[in-house]
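Structural features, examined
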Amino acid sequence: MNVNENKCLKCGGVEFAEGTDFMPIKPLDKKFSMGLNKIYTFCLKCGEVVSTRIENPSQFKK
C-alpha cells in the first residue's frame, strides 16, 4: 500500500481494518518471553494484507 494513497493496490478498495493473530513474535534469544503482537492492516474488500507491524518493537533492542 502506498502511504500517500489510501487505496488497495490489488482491488482498488479504500476501506481498511486492523487485526492480530494468536501467535506473538518472540526474540530468538529470549525463549520465555511473552512475545509481541503482530498487527495486520488489510483491505475490507478483498482481504489483501497491506501492512504488518509489531507492537512495541523497542522491546527487541538489546
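Keep in mind that what you see is a predicted model, and the values were worked out from it rather than measured. (Residues numbered from 1 in each chain as written. Predicted model: local features only at pLDDT ≥ 70, side-chain atom pairs only at ≥ 80, totals over all residues. Heavy atoms only, no water.)

Let's shift gears to the pattern of salt bridges. Throughout the structure, instances matching the rule amount to three salt bridges. Residues K10 and E48 are paired through a salt bridge, measuring 3.8 Å at the closest nitrogen-oxygen approach. Taken together, the positions of K10 in the segment before β1 (16-19) and E48 in the loop between β2 (38-43) and β3 (49-54) put the pair 38 residues apart, joining distant regions of the chain. In this structure, R53 engages E18 in a salt bridge whose closest nitrogen and oxygen atoms are separated by 2.9 Å. Here the residue R53 occupies a position in strand β3, and E18 occupies one in strand β1, the gap between them amounting to 35 residues. (Salt bridge = Lys/Arg side-chain N within 4 Å of Asp/Glu carboxyl O. Helix = DSSP H or I, 4+ residues; strand = E, 2+ residues; numbered from the N terminus.)

So, on to the environment of I39. Note on placement: I39 falls in strand β2. When the C-alpha atoms of I39 and E18 are compared, they prove to be 6.6 Å apart, with 21 residues separating the residues in sequence.

A separate point is the environment of P57. Relative to the helices and strands, P57 resides in the segment after β3. Spatially, the C-alpha atom of P57 lies 8.0 Å from that of L36, the residues being 21 residues apart in sequence.

A few words now on the side chain of K38. With respect to the helices and strands, K38 occurs in strand β2. Reaching out from K38, the side chain makes a polar contact with the backbone oxygen of M23 at a distance of 2.7 Å. With residues near it in sequence (within four places) discarded, K38 still touches G19, T20, D21, M23, I25, R53 and I54. (Polar contact = N/O pair within 3.5 Å; in protein donor to acceptor, adjacent residues only side chain to side chain. Contact = heavy atoms within 4.5 Å.)

Mean pLDDT for the chain: 84, with 90% of residues reaching 70 or above. Across the chain, the element-wise mean pLDDT spans from 93 in β3 up to 96 in β1. (pLDDT = per-residue confidence, 0-100.)

Relative to β2, β1 runs antiparallel, the two being bridged by four bridges. Its bridge partner lying in β2, F16 is registered against C43. Of the pairings in the sheet, the one linking β2 to β3 comprises five bridges and is antiparallel in character. Across the sheet, residue T41 finds its bridge partner in β3, namely S51. Hairpin connection between β2 and β3: a loop of five residues separates the two successive antiparallel strands, and G47 in this loop has a positive phi of roughly 85 degrees. (Pairing = 2+ DSSP bridges.)

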